[in-house]
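# Breakdown of the fold
What follows is the residue order along each chain.
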Amino acid sequence: MIVIGILVASVASFLASAALYAIPAVSALIARTATPRPGLPVVVQMLSVLLRSILASVLIAGLMLAADWHGPATGASLGLALSTLPLILLMGGVVHENTALSAAGVHLLDWIIKLTLIGVIIGLFL
């Protein structure tokens, strides 16, 4: 049953991320502030997003199983707590790599949404 939860959470996370970046204001902001990697096809980029969603889903499921935690509220709390990790990485990008603060904020929001959503969904399966 947990494998189904991981798959559902991964797809939902991918779709939530796609919806966020499809918002015209967000899309325009990222287009202005990001430097796309030349030669990397969009398909590869989307597969990368899906893979990261799968890895995050497996991580949250594994942590919840190891701690014997159950339920969507617990999963949401764990996902929200894990949002500190992308925050730390994005802070490094802003400070050391001159990543635009606005772009980092959008990426952080994306991760907060994804990790919380994944936690809720995984929690429904545990």
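Quick caveat, the model's predicted, so the values are computed rather than measured.

## Describing the overall build of the chain
The number of helices and strands found in the chain is 6 helices and 0 strands. Mapped from its N terminus to its C terminus, the chain presents α and β elements in the order α-α-α-α-α-α. In terms of overall size, the chain behaves like a compact globule, its C-alpha atoms giving a radius of gyration of 15 Å where 126 residues would be expected to give roughly 14 Å. Counting only C-alpha atoms and orienting by the principal axes, one finds that the chain spans roughly 45 × 30 × 25 Å. Residues counted as buried form 31% of the 126 residues belonging to the chain. Long-range pairs, those at least 24 residues apart, make up 80% of the contacts in the chain with a sequence separation of at least 6.

## A short note on the packing of aromatic side chains
Under the definition given, this model contains 0 aromatic pairs. Directly above the ring of Trp111 sits Lys114, whose terminal nitrogen or CZ lies 4.1 Å from the centroid.

## Let's talk about the layout of surface pockets
Looking at the largest pocket, its volume works out to about 1200 Å³. Ile30, Ala34, Gln45, Arg52 and His107 are the residues nearest the centre of the largest pocket, which is lined by 30 residues in total. Contributing elements (two or more residues each) for the lining of the largest pocket: helix H1 (2-22), helix H2 (24-33), helix H3 (42-67), helix H5 (84-96) and helix H6 (101-125). Class assignment for the residues of the lining of the largest pocket results in 16 nonpolar, 9 polar and 5 charged.

## A word on the confidence of the model for the chain
Detailed reading of the predicted coordinates is not advisable wherever pLDDT falls low. Taken as a whole, the chain shows an average pLDDT of 96; of its residues, 100% reach a score of 70 or greater. The lowest-confidence element of the chain is H2, averaging 95 in pLDDT; the highest-confidence one is helix H4 (residues 72-82), averaging 98.

Parameters at a glance
- Residues numbered from 1 in each chain as written.
- Predicted model: local features only at pLDDT ≥ 70, side-chain atom pairs only at ≥ 80, totals over all residues.
- Heavy atoms only, no water.
- Helix = DSSP H or I, 4+ residues; strand = E, 2+ residues; numbered from the N terminus.
- Rg over C-alpha atoms; globule rule 2.2 N^0.38 Å.
- Buried < 20%, exposed > 50% of the residue type's maximum accessible area, 1.4 Å probe, protein only.
- Contact = heavy atoms within 4.5 Å.
- Phe/Tyr/Trp six-rings, centres within 6.5 Å; stacked < 30°, edge-to-face > 60°.
- Lys NZ or Arg CZ within 6 Å of the ring centre and 35° of its normal.
- 1 Å grid on protein atoms, 1.4 Å probe; cavity = no way out; pocket = protein on both sides within 12 Å on 5 of 7 lines; lining within 4 Å.
- Points joined across faces, edges and corners; volume = space filled by probe spheres on them.
- Nonpolar A, V, L, I, M, F, W, Y, C, P; charged D, E, K, R; others polar.
- pLDDT = per-residue confidence, 0-100.

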